[in-house]
Amino acid sequence: MARKKNWKKKSKNLSNFNKPQLKKAILDIFYSDQQKTFNYKQLGSLLGVKDPETKKLINVVLDELAENENLEQIQRGKFKLKSRGGYVCGRVELQPQGFAYIQSEEVDQPVLVSQRNLNHAMEGDKVRVYLYARRKKHQLEGEVSEIIERAKSIFVGTIERSKNFAFLIPVGKVGFDMFIPNEKLNGAKDGQKAIGKITEWPQRAKNPFGEIVEVLGDAGQHETEMHAILAEYDLPLRFPENVLKAAEKIPLEISEEEIKSRRDLRDTTTFTIDPHDAKDFDDALSLRKLDNGLWEVGIHIADVSHYIRPNTTLDDEAYARATSVYLVDRVVPMLPEHLSNGVCSLRPNEDKLCYSAIFHLDENADISQQWFGRTIINSNRRFTYEEAQEIIETGEGDLKEEVLTLQHLAVKLRKKRFKEGSLAFDRVEVKFEIEEKTGKPLSVYFKEAKESNQLVEEFMLLANKKVAEFIGKTKDKRNAKTFVYRIHDKPDPEKLENFNHFIQKFGYGIQTTSASAISKSMNKLMDNVKGKNEQNVIETLAIRSMAKAVYSTRNIGHYGLGFQFYSHFTSPIRRYPDIMVHRLLDRYLNNGRSANAQKYEDMCQHSSEMESRASNAERSSIKYKQVEFMKDKIGEIFPGVISGITDWGIYVELENKCEGMVPIRELGDDFYIFDEKNYCLVGKHSNKKYQLGEEVKVEITRANLERKQLDFKLIEN
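Residues numbered from 1 in each chain as written. Predicted model: local features only at pLDDT ≥ 70, side-chain atom pairs only at ≥ 80, totals over all residues. Heavy atoms only, no water.

Asks: Explain the side chain of Asp 315 to me, please; I cannot follow it from the model alone.
Replies: In this fold, Asp 315 is placed in helix H9 (residues 313-321). Judged by its relative accessible area of 5%, Asp 315 is buried. Within the local environment of Asp 315, its side chain forms a polar contact with the backbone nitrogen of Asn 311, the two atoms lying 3.3 Å apart. Excluding residues that lie within four positions of it along the chain, Asp 315 makes contacts with Ile 308, Arg 309, Pro 310, Tyr 576 and Arg 583. (Helix = DSSP H or I, 4+ residues; strand = E, 2+ residues; numbered from the N terminus. Buried < 20%, exposed > 50% of the residue type's maximum accessible area, 1.4 Å probe, protein only. Polar contact = N/O pair within 3.5 Å; in protein donor to acceptor, adjacent residues only side chain to side chain. Contact = heavy atoms within 4.5 Å.)

Asks: Sorry, what's going on with the packing of helix H6 (residues 241-248) against H9 here?
Replies: How two helices sit against one another is set out by the angle between their axes and by the gap between those axes. Here H6 crosses H9 at 120°, and the two axes come no closer than 9 Å. What the angle tells us is that H6 and H9 run oblique. Judged by the twist between their axes, the crossing of H6 over H9 is left-handed. Where H6 abuts H9, its residues Asn 242, Val 243, Ala 246 and Ala 247 lie against Thr 313, Leu 314 and Glu 317. A class-by-class count of the residues in the contact of H6 with H9 yields four nonpolar, two polar and one charged. (Axes fitted to C-alpha atoms, helices over the stretch in contact; angles between N-to-C directions. Parallel < 35°, antiparallel > 145°, perpendicular 65-115°, else oblique. Left-handed = near helix turned anticlockwise from the far one by under 90°. Nonpolar A, V, L, I, M, F, W, Y, C, P; charged D, E, K, R; others polar.)

Asks: What should I look at first to understand the environment of Asn 117 in this one?
Replies: By the element assignment, Asn 117 lies in the loop between strand S5 (111-113) and strand S6 (126-131). Asn 117 sits in the buried class, given a relative accessible area of 16%. Through-space distance from the C-alpha of Asn 117 to that of Gln 511 is 45 Å; in sequence the pair is 394 residues apart. In this view, Asn 117 contacts Tyr 132, Gly 142, Glu 143 and Val 144; residues no more than four positions away in its chain are not counted.

Asks: Would you take a moment to explain a nonpolar patch on the surface for this structure?
Replies: Residues Tyr 87, Tyr 130 and Tyr 132 make up a contiguous nonpolar surface patch of about 270 Å² in total accessible area. Within the secondary structure, Tyr 130 is located in strand S6. (Patch = residues over 30% accessible without salt bridge, like charges linked within 9 Å, V, L, I, M, F, W, Y side chains within 5 Å. Areas by Shrake-Rupley, 256 points an atom, 1.4 Å probe, with all protein chains shown as cover. Salt bridge = Lys/Arg side-chain N within 4 Å of Asp/Glu carboxyl O.)

Asks: So what exactly am I meant to see when it comes to a positive patch on the surface here?
Replies: A surface patch of like charges, here positive, comprises Lys 412, Lys 415, Lys 419 and Lys 520. Ranked by residues supplied to the positive patch, first place goes to helix H12 (residues 400-419) with three residues. (Lys, Arg positive; Asp, Glu negative; His and termini not counted. Charge placed at Lys NZ, Arg CZ, Asp CG, Glu CD.)

Asks: Looking at this structure, how should I read the environment of Ile 377?
Replies: Secondary-structure assignment places Ile 377 in strand S20 (residues 367-378). Each residue touching Ile 377, except ones within four places of it in the same chain, is listed here: Leu 265, Arg 266, Thr 270, Ala 284, His 300, Leu 346, Glu 350, Asp 351, Lys 352 and Cys 354.

Asks: I would appreciate a short explanation of the state of the cysteines in the present structure.
Replies: Covalent bonding between the sulfur atoms of two cysteines defines a disulfide. On inspection of all chains with the given rule, the structure shows zero disulfides. Free cysteine Cys 354: the closest other cysteine sulfur is in Cys 344, separated by 9.9 Å. (Disulfide = S-S within 2.5 Å.)

Asks: Would you mind going over the pairing of strand S30 (residues 680-683) with me for this structure?
Replies: One face of the sheet, then the other: side chains in a regular strand alternate in exactly this way. The two faces of S30 match: Cys 680 and Val 682 on one face and Leu 681 and Gly 683 on the other face are all buried. As paired elements, strand S29 (residues 672-675) and S30 share four bridges and run antiparallel to each other. Each bridged residue has a counterpart across the sheet, and for Ile 673 the counterpart in S30 is Val 682. The turn joining S29 and S30, which pair antiparallel and follow one another in sequence, is formed by four residues; a positive phi near 50° is taken by Tyr 679. Looking at chain direction, S30 and strand S31 (residues 689-691) are connected through three bridges and run antiparallel. Each residue of the ladder has a partner; that of Val 682, found in S31, is Lys 689. What sits between the antiparallel neighbours S30 and S31 is a turn of five residues, in which Asn 687 has the positive phi angle 65°. (Pairing = 2+ DSSP bridges.)

Asks: Is there a simple way to explain H9 in this structure?
Replies: An α-helix turns once every 3.6 residues. As a result, residues three or four positions apart point the same way. Looking at H9, one finds that the buried residues are Leu 314, Asp 315, Glu 317, Ala 318 and Arg 321. Viewed end-on, H9 has its buried residues packed into an arc of 165°, placing them on one side of the element. Considering only its buried residues, H9 is in contact with H6, strand S18 (331-332), helix H10 (337-343), helix H17 (576-589) and helix H18 (597-630). Ala 322 lies just past H9 and shows a positive phi near 70°. (Arc of directions from axis to C-beta.)

Asks: Looking at this structure, how should I read helix H15 (residues 515-529)?
Replies: Compared with an ideal rise of 1.5 Å per residue, which puts 15 residues at 21 Å, H15 spans 21 Å between its outermost C-alpha atoms and is within 8% of the ideal. When H15 is considered as a whole, its buried residues turn out to be Ala 517, Ile 518, Ser 519, Ser 521, Met 522, Asn 523, Leu 525, Met 526 and Val 529. Phi turns positive one or two residues past the end of H15, at Gly 531, with a value near 80°. (Expected span 1.5 Å × (residues − 1).)

Asks: What is the right way to read unusual backbone geometry from this model?
Replies: Trans peptide bonds make up the majority, and among non-glycine residues the majority have a negative phi. Unusually for a residue other than glycine, Asn 119 sits at a positive phi of about 50°. With respect to the helices and strands, the residue Asn 119 is situated in the loop between S5 and S6. Positioned with a positive phi, Lys 657 is a non-glycine residue whose angle comes to about 70°. With respect to the helices and strands, Lys 657 occurs in the loop between strand S27 (649-654) and strand S28 (659-663). On the accessibility criterion, Lys 657 (21% relative accessible area) is partly exposed.

Below is the structure:
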């Protein structure tokens, strides 16, 4: 009983805890009695869990721990710890100094592995680690005994040639150079960027042996560098020939038979609102007044799943890519252009096939009726966001009645959403004006969301939410059918407490007693900091305290939006999960049986991984252009704000959003200690402090394009 009380004490606020913390608490119980079996009710009782949401989360955690082979299911609903001896499994996180931390769910802290004990394990690899005997007041240490799964075997880097051989110097956190014999260079020249593949890595060899699979071009050239960024994140540069041929075979024409099988909405006023440079229009809105005084709002989404059939060449390629990738100067589409910009794109004055969500709304945007199904539309007008914004601001322009009515309804929907717990993070997008021929960045500008963006966003959120509820919200408490959800976990309580501690320095604070209290007080905070000097740093830290949204068949709700059920239905031209959602929705509307949950969970994990890679590539391309934009400003002095503090340096963001680092070695006036909890560096002798959010002046001392890094020197006022 003493142990039981202890868990309840530790988990006093477990209803606010997120999934990783619940995992640790549950594994603690299994490790305390390694022969015993537990079901979710017993675990809930031991942890003192009373709220239904956390009880549901226990089931999700048990499924994941069994899938990751931490637990085994002895019989339905009963789990036992899987015996592992002194070994744990985890992912490698290489550190700049050469050693690594292994992040594992099986232990309560990262495992330190020295460089010599990594046994050729690389960043992101899944490894088995043998744990050394724990020393008092020391962190966990071990050595890699097996590489279970390589994160990658192909690397992008720069060629360094000597007479009889060469090395590929990879970009990023890699920790080795790749040895390339002359006969495996594939024509690569000294100083060029290339893609190398590891062919072998002998046990005693310091460097892996490899071959060059593709030469990208001369380092520093715009095309070469953009292709290098894609290659660095294992993202495709081009479509295979057979995929392009398969796409070309799909006709633009729609058969009469297909039209007859659908709800015909071609006479309903319909339009698209997109960025001025968009070519793939995957959503449209329609509006008509009903005889009963209600508004019928249609959210029409390109019916990609009609054209992309399972187990075909096009489907395999779309799944492998899983998402379109947005770099600073281009879109690398998920689907070939014939489909993304042609067949599927909801271009004006053309008949187009859609999957639609149609709602009847009153003046207060309350829904009385909904319908989901396949349709045919004909868009009357293509608006840019700027054109729609002008109508909202002036009340004049094409289809002004429809645009203004939808705007009125969107405002009501938005107000309700925030009242029910949605978080309001309006982040500024960094954009570049780029010289067409050379790719040189000419200027930096910022893009902020206005009412026209919010209008479209509200109806897309509505469709995504209602589709997820339609499948996931079962009335008779039966298990819901397998579906693809967009889930977002609660924030990490420790990060949230640190964040709360930090903002108190500026006279702010948030409530952390419950999920709804956090979201309400966070929204109030975002309103209060608008226009203040500390706005950017507080918004950035607030986002860092949040979990990342991912795809899963195991629904835990979407914390950031405050929705219990949420999915992605509205962008199938650029996101594969939306194609999955369309297929599942169609299956269930036709009374199909529940799909295989594990198969779809695997597909969700792949989609989340590809989304993360695409996001990293986008950030990397922005970083490259920022460094390129600033490289002719070396020696110049700029005002900035401290945007990050680490034990190796201070990050400073300039007014143009370009960020650089002041290395800690440049702070020669004292020995500085990193205070992680208070987000600051403190001088050991002088007590001088460099605090996150502090305004400083810096001189640009170095612009390293290869590392996408700006180095600064602090200028004392």
